[in-house]
Amino acid sequence: MKNHMKNHMINHMKKTDYLIIGAGIAGLATALHINKANLGNVLVITKGELKQANTYWAQGGIAAVMTKEDRFVKHINDTLEAGANHNNRDAVRHLVENAPKAIRFLESLGVKFKKEPALEGGHSEARIWRTSDFTGQDVLDQLIKAVQKAKNIEVQENADAIELIVDKDTCKGVYVRNVNGEEIVPILAKKTVLATGGLGQLFAKTSNTKAAAGDGLALAVNAGLELSDLEFIQFHPTAFDKYDDGRYFLLSETLRGFGAKVVNSKGERFLEEYDKRAELAPRDIVTRAIYFESMNGKVFLDMHHLDAKAVRNRFPNIAKRLKQYGFDLAKNLIPITPIAHFSCGGIPVNLQGATKLAGLYAVGEVANSKVHGANRLASNALLEGLVFGEVIAKAFEKNKEVDKGIELDENIVLNTPKIVIESLPQVKAYAKRIQQIMWERAGIVRNMDGLKLALKEITEIPARDYRIQHRQIVCYKLIQACLHRSQSLGCHYIANELT
Ligand SMILES: Cc1cc2nc3c(=O)[nH]c(=O)nc-3n(C[C@H](O)[C@H](O)[C@H](O)COP(=O)(O)OP(=O)(O)OC[C@H]3O[C@@H](n4cnc5c(N)ncnc54)[C@H](O)[C@@H]3O)c2cc1C
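For clarity, every value in this text was computed on a predicted model and none was experimentally measured.

Caption draft 1: Structural detail: helix 1 (residues 25-36). In a regular helix each residue adds 1.5 Å, so twelve residues correspond to 16 Å; helix 1 covers 16 Å between its end C-alpha atoms and thus fits that length. Taken from the residues just after helix 1, Asn38 is the one with a positive phi, measuring 55°.

Caption draft 2: Here's a closer look at the packing of aromatic side chains. Summed over all chains, the structure comprises eleven aromatic pairs. Judged by centre distance (5.4 Å) and plane angle (90°), the ring pair of Phe258 and Phe315 falls under edge-to-face. Within this pair, whereas Phe258 is found in the loop between helix 8 (253-257) and strand 12 (261-263), its partner Phe315 is found in the loop between helix 10 (308-314) and helix 11 (316-324), the two being separated by 57 residues in sequence. Judged by its relative accessible area of 0%, Phe315 falls in the buried class. Both rings, one in Tyr291 and one in Phe292, keep their centres 5.4 Å apart while their planes meet at 75°; by these two values the pair is edge-to-face. Judged by its relative accessible area of 30%, Phe292 is partly exposed. A connected cluster of aromatic rings, assembled from ring pairs, spans Tyr18, Tyr361 and Phe396. Lying over the aromatic face of Trp57, Arg247 brings its terminal NZ or CZ to 4.0 Å of the ring centre. Here the basic side chain of Arg376 rests over the ring of Phe342, its NZ or CZ set 4.2 Å away from the ring centre.

Caption draft 3: Structural view of the pairing of strand 10 (residues 233-244). Where strand 10 meets strand 14 (residues 333-343), six bridges bridge the pair, whose relative direction is antiparallel. Along strand 14, the bridge assignment pairs Phe240 with Ile336. The pairing of strand 10 with strand 11 (residues 247-250) spans three bridges and is classified as antiparallel. Bridge assignment links Asp244 to a residue of strand 11, and that residue is Arg247. Hairpin connection from strand 10 to strand 11: two residues lie between these consecutive antiparallel strands, with Asp245 at a positive phi of about 55°.

Caption draft 4: Representation of the nonpolar core in the model. Core analysis: the biggest nonpolar cluster contains 59 residues, and Ile45, Val174, Leu199, Phe203, Ile347 and Met438 have the highest contact counts within it. Both domains that furnish three or more residues to this core are identified here as domain 1 (4-231 + 344-414) and domain 3 (420-484). Setting aside chain neighbours within four positions, we find Leu199 in contact with Asn208, Ala212, Ala213, Gly214, Leu217, Leu230, Ile233, Ser343, Val474 and Leu478.

Caption draft 5: Geometry of the pairing of strand 3 (residues 42-45). Here strand 3 shows no split at all, with Val42 and Val44 on one side and Leu43 and Ile45 on the other all buried. Alignment of strand 2 (residues 14-21) against strand 3, held across four bridges, turns out to be parallel. The residue of strand 3 that forms the bridge with Tyr18 is Val42. Running through helix 1, the crossover from strand 2 to the neighbouring parallel element strand 3 is right-handed.

Caption draft 6: Just a nonpolar patch on the surface, in detail. On the surface, a nonpolar cluster with roughly 300 Å² of combined accessible area is contributed by Tyr274, Phe292 and Met295. One can find Phe292 in helix 9 (residues 283-294).

Caption draft 7: Spatial organisation of the site of the ligand. Taken together, 38 residues lie near the ligand, and Thr55, Gly60, Gly61, Asp215 and Glu365 sit nearest. Here Gly61 contributes a backbone N or O atom positioned 2.8 Å from a nitrogen atom of the ligand. Measuring from a nitrogen atom of the ligand, one finds a side-chain N or O atom of Asp160 at 2.9 Å. Look at the ligand: alone it shows 1000 Å² of surface, and the protein chains cover 98% of it. Broken down by secondary-structure element, the contributors of at least two residues to the shell around the ligand are helix 1, helix 2 (54-57), strand 7 (159-167), strand 11, strand 14 and helix 12 (381-398).

Caption draft 8: Representation of the side chain of Thr16. Relative to the helices and strands, Thr16 resides in strand 2. Its relative accessible area of 5% is what places Thr16 among the buried residues.

Caption draft 9: View of empty space enclosed by the protein. All chains considered together, the criterion is met by four cavities of 30 Å³ or more. As a volume, the second largest cavity reaches approximately 60 Å³. Put simply, the parts of the chain that give the lining of the second largest cavity at least two residues each are strand 10 and helix 9. Partitioning the lining of the second largest cavity into residue classes produces four nonpolar, two polar and two charged.

Caption draft 10: Representation of the pattern of salt bridges. Scanning the model with the defined rule gives 29 salt bridges in all. One salt bridge in this structure joins Lys101 and Glu390, with 3.2 Å as the shortest N-O distance. Of this pair, Lys101 sits in helix 5 (residues 99-109) while Glu390 sits in helix 12, placing them 289 residues apart in sequence. When its relative accessible area of 35% is taken as the criterion, Lys101 is described as partly exposed.

Conventions and cut-offs
Residues numbered from 1 in each chain as written. Predicted model: local features only at pLDDT ≥ 70, side-chain atom pairs only at ≥ 80, totals over all residues. Heavy atoms only, no water. Helix = DSSP H or I, 4+ residues; strand = E, 2+ residues; numbered from the N terminus. Expected span 1.5 Å × (residues − 1). Phe/Tyr/Trp six-rings, centres within 6.5 Å; stacked < 30°, edge-to-face > 60°. Buried < 20%, exposed > 50% of the residue type's maximum accessible area, 1.4 Å probe, protein only. Lys NZ or Arg CZ within 6 Å of the ring centre and 35° of its normal. Pairing = 2+ DSSP bridges. Core = buried A, V, L, I, M, F, W, Y, C linked by side-chain atoms within 4.5 Å. Domains from an automatic or database assignment. Contact = heavy atoms within 4.5 Å. Right-handed = clockwise from strand over helix to strand, strands pointing away. Patch = residues over 30% accessible without salt bridge, like charges linked within 9 Å, V, L, I, M, F, W, Y side chains within 5 Å. Areas by Shrake-Rupley, 256 points an atom, 1.4 Å probe, with all protein chains shown as cover. Salt bridge = Lys/Arg side-chain N within 4 Å of Asp/Glu carboxyl O. Near = heavy atom within 4 Å. Polar contact = N/O pair within 3.5 Å; in protein donor to acceptor, adjacent residues only side chain to side chain. 1 Å grid on protein atoms, 1.4 Å probe; cavity = no way out; pocket = protein on both sides within 12 Å on 5 of 7 lines; lining within 4 Å. Points joined across faces, edges and corners; volume = space filled by probe spheres on them. Nonpolar A, V, L, I, M, F, W, Y, C, P; charged D, E, K, R; others polar.

Structure, rendered in structure tokens:
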């Protein structure tokens, strides 16, 4: 297919008071809180269909202090310890103290949490609230229902945000391409919120959905913003080792919490050689151990020593999914691999969710309020979207009189971006090349020479398609961030550290 560049026609300009880019937990929670405060019209756009979000795939649950034994200070300290104290303490305190309210908000929408909380790695108390072993699906379903019921919220699917509209140093909305066509539509907004999620798809092995390619980060960079803490990519130790529809199926940490063992190709446990906590050691330690052991052969998750009925009862959805691949969770050795899972850094935001560009806010995995520091504590990510979504709505509420007076000037959108759309096989080939480079040279174990080579290789990819150029921008920033941190910290691991 021929490449083509067009100065695309502006056909259906749209206007809204509040524009939310992304329909995961962060975007939808923000929309619902704005709606509740009755501030004006909200438009939520999403690149694919509504459920194409990492939120949908979350398994474990949401952390919140809600039992007599637990204390906010414990959750705060657990978060800081996981984050290697690279966190912003005020952001952490806000997250933790507002977590019970976030759970009640979801309950008010119809999410039914189990009565007893679960324990996960890094938490000093059982405080993970879950509905099932597919908590994300249950939560997203209720958020979608609530959004669809809300009078002032409109949702638009298949709308790919490609460039922010910036005028007089202020964000005034975004240009959007319908994913099935070439037409570019400007959406003007008084306030714009980036909620585009993570970047796992920049790596060859990831638990993330196809939509998680760091788009929001590229949009921010192209609008002149800096990114921060991008080197802190959390790699999860245990995904089912089979590439399927663009991603790897996660095998939740709670399996190990329940007694699953990790064994090598000889059927021997080996994690104790790396850390005495073995299967329950922090994520990054288990990840590296499996990564090194994989060099000698396959690594497996083993639950056959546990009561089979109890395993299937506790993890019905995971067991069902594995059965589709011909594996019995309770009886078979399940082949596993570490994968890229979560981006701790992102677009710097203050404690109101505001970026340095006036009119632009960011929330959820794309944002960096420094709540996770150098490594994220399990089950704090869904929570982040809920808590900081409300923070942004409150900031808008405070400013509502000023926002009412904003006139949206249509003349500013005449400079529609010129984009190149290359053929899909070509785009996929470039995306795959990027994933390989990032996985091999900027992945679990990094070294300075490999990172420098990665920077060169990424830059040399001769892509003209905007989707690949956006990926190149984010990878470039990510590798640069790694190069600037020559010592290991949190989930950033440098093999040959300079001392
Ligand atoms: C397999 C898995 C299991 C997890 N388990 C847990 C867990 O148990 N507990 C926990 O706290 N966290 C968990 N996490 C992390 C957590 O799910 C995510 O960090 C969180 O869901 C991110 O929410 P979000 O709203 O920021 O992004 P997402 O839910 O990923 O939503 C992003 C949205 O932005 C849209 N988008 C992206 N680019 C564009 C664009 N260019 N234009 C328009 N729209 C765009 C996407 O389509 C999507 O709608 C897990 C993650 C994965 C992948």
